[in-house]
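Geometric and topological summary
Spelled out, the chains give:
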Amino acid sequence: MITLNIVGGGRLGRSLARLAQDGGRYRIAGVLCRSPASAQAAVAFIGAGQALCDAAQLPPAALTLIAVPDGEIAAVAAQLAALDLLPAGSVAFHASGAGEAALLAPLAARGVRCASLHPAFSFADPARAVAGFAGTRCALEGDAAAFPALQAWAAAIGGQAFLLAPGGKAAYHAALSVASNYLVTLHALAARIAAGAGIDEATAAALLGDLMRKTLENSLALGPAAALTGPVARGDAGTVAMHRQVLSAADDALYCALGRATVDLAAPRLTAAAQAALGAALS
Ligand SMILES: NC(=O)c1ccc[n+]([C@@H]2O[C@H](COP(=O)([O-])OP(=O)(O)OC[C@H]3O[C@@H](n4cnc5c(N)ncnc54)[C@H](OP(=O)(O)O)[C@@H]3O)[C@@H](O)[C@H]2O)c1
């Protein structure tokens, strides 16, 4: 059995600990929270482990997951390093999407193998998270000496680990933000513009929902350049100019920025003259 400490038994910490516990290859050692009530609730959910709220009582373990909020990771790593609790050669990792393994530098300085492993998953509710986690991609970066243990751990909890390039965490997280958050921003932009056509909310939701789902499926299946249709892909600068006449100043700025990026995507199919006309219509 491989021992695993959980520092931060919140939504992610208790969900992943429960998956590890259920897998049968890991033994949950300490479960550390700020409050005793939280630690006890986490242990009850996991079904194993020692509820702790004093870091000095954390037992040694082969793996330590630091699942505290992002802004606390560096301070917790410094605290654990000062207490000298984690054995040299053991593995410590955090689960932040944006932060690098370097947040754990004080532990690395003591010979602990440090990494970050970010599951691209939402742990809003631990019971639902445990039920739905299988197949989740987990981005891994940091000290290569920690990778074998963390790849094995990710597989044991049903995840699929993949490696990020050194220094790749910011680009990784920016890509997730564009794919997830900005897709929602695009939806909101389209809904606002549809309201200007007098389309009621329910009709707009169905109209845009069907189109967005099918377009995303095409883009994923064919690749973005091949999936592109519409006035920019056809080199129709007149229609683009007509669209701009009905947009608010803020929506027009977004429309033009996205339009120029779309011209770049369509460029291999467009003549130089069509690209120039579109560029002028979008400037
Ligand atoms: N939630 C998600 O969907 C998700 C997805 C991917 C990655 N992550 C990452 O997972 C990490 C944890 O996020 P979360 O959403 O699980 O947070 P959370 O639900 O707020 O839980 C945080 C836990 O950390 C404990 N904690 C805070 N400061 C501590 C300290 N100084 N010492 C010991 N324990 C401390 C809290 O204890 P108390 O309850 O006693 O305050 C709580 O149990 C973050 O790095 C986050 O970016 C989260």
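Residues numbered from 1 in each chain as written. Predicted model: local features only at pLDDT ≥ 70, side-chain atom pairs only at ≥ 80, totals over all residues. Heavy atoms only, no water.

1. Re unusual backbone geometry
- At Asp84, a position not held by glycine, the phi torsion is positive, near 55 degrees.
- Within the secondary structure layout, Asp84 lies in the loop between α3 (73-83) and β5 (91-94). (Helix = DSSP H or I, 4+ residues; strand = E, 2+ residues; numbered from the N terminus.)

2. Quick look at the packing of aromatic side chains
- This model, assessed by the stated rule, comprises five aromatic pairs.
- Both rings, one in Phe121 and one in Phe133, keep their centres 5.4 Å apart while their planes meet at 70 degrees; by these two values the pair is edge-to-face. Here Phe121 is found in the loop between β6 (113-119) and α5 (126-132), whereas its partner Phe133 is found in the loop between α5 and β7 (137-142), with twelve residues between them in sequence.
- Put simply, the rings of Phe121, Phe123 and Phe133 pair up and form one aromatic cluster.
- Over the ring of Phe45 we find Arg18; its NZ or CZ atom is 5.1 Å from the centre of that ring. (Phe/Tyr/Trp six-rings, centres within 6.5 Å; stacked < 30°, edge-to-face > 60°. Lys NZ or Arg CZ within 6 Å of the ring centre and 35° of its normal.)

3. What to know about helix α2 (residues 36-46)
- All of the buried residues along α2 are Ala39, Ala42, Val43 and Ile46. For α2, the angular spread of buried residues about the axis comes to 95 degrees, placing them on one side. With respect to the buried face of α2, the exposed residues turned more than 90 degrees away are Ala37, Gln40 and Ala44.
- For α2, the secondary structure elements touched by its buried residues are α1 (11-23), β2 (26-32) and β3 (50-52).
- Phi turns positive one or two residues past the end of α2, at Gly47, with a value near 85 degrees. (Buried < 20%, exposed > 50% of the residue type's maximum accessible area, 1.4 Å probe, protein only. Arc of directions from axis to C-beta. Contact = heavy atoms within 4.5 Å.)

4. Some words on the pattern of salt bridges
- This structure, assessed with the given rule, holds six salt bridges.
- The closest approach of N and O atoms between Arg192 and Asp251, which form a salt bridge, is 2.7 Å. Of this pair, Arg192 sits in helix α7 (residues 169-195) while Asp251 sits in helix α12 (residues 249-266), and the two are 59 residues apart along the sequence.
- Judged by relative accessible area, Asp251 falls into the buried class, the value being 10%.
- A salt bridge links Arg213 to Asp210, with the nearest nitrogen and oxygen atoms 3.7 Å apart. One end of the pair is Arg213 and the other is Asp210, both in helix α8 (residues 201-222) and three residues apart, which spans about a single turn. (Salt bridge = Lys/Arg side-chain N within 4 Å of Asp/Glu carboxyl O.)

5. Here's the deal with the domain arrangement of the chain
- The domain boundaries assigned to the chain delineate domain 1 (2-165) and domain 2 (171-281).
- The C-alpha centroid of domain 2 is placed 40 Å from the C-alpha centroid of domain 1. (Domains from an automatic or database assignment.)

6. Description of the nonpolar core
- Formed by 34 residues in total, the largest nonpolar core has its most connected members in Leu16, Ile28, Leu65, Phe93, Leu150 and Trp153.
- Core analysis: the second largest hydrophobic core is formed by 19 residues, Ala55, Val68, Leu85 and Leu104 among them. (Core = buried A, V, L, I, M, F, W, Y, C linked by side-chain atoms within 4.5 Å.)

7. Things to note about the sheet that holds strand β1 (residues 2-7)
- Strand order across the open sheet formed by eight strands is β3-β2-β1-β4-β5-β6-β7-β8, with mixed pairing between neighbours. Bordering the open sheet on either side are β3 and β8 (160-163), each of which pairs with just one other strand. Adjacent strand axes in the sheet meet at a mean angle of 25 degrees, parallel and antiparallel pairs treated alike.
- Contacts between helix α6 (residues 147-156) and the sheet are confined to β1, β2, β4 (63-66), β5, β6, β7 and β8, with β7 contributing the most and set at about 165 degrees to the helix. (Pairing = 2+ DSSP bridges. Axes fitted to C-alpha atoms, helices over the stretch in contact; angles between N-to-C directions.)

8. Things to note about the side chain of Ser90
- Within the secondary structure layout, Ser90 lies in the loop between α3 and β5.
- In this structure the side chain of Ser90 is engaged in a polar contact, spanning 2.7 Å, whose partner is the backbone oxygen of Pro87.
- Apart from the residues lying within four places of it in its own chain, the contact partners of Ser90 are Ala61, Ala62, Val112 and Arg113. (Polar contact = N/O pair within 3.5 Å; in protein donor to acceptor, adjacent residues only side chain to side chain.)

9. Digging into the site of the ligand
- What surrounds the ligand is a group of 24 residues, the closest being Leu12, Ser35, Ser38, Asp70 and Phe123.
- Here Gly9 contributes a backbone N or O atom positioned 3.4 Å from an oxygen atom of the ligand.
- Interatomic distance of 2.8 Å between a backbone N/O atom of Ser35 and an oxygen atom of the ligand.
- Listing elements by their share of the shell around the ligand, those giving two or more residues are α1, α3 and β6.
- A breakdown of the residues in the shell around the ligand according to their chemical character gives twelve nonpolar, eight polar and four charged. (Near = heavy atom within 4 Å. Nonpolar A, V, L, I, M, F, W, Y, C, P; charged D, E, K, R; others polar.)

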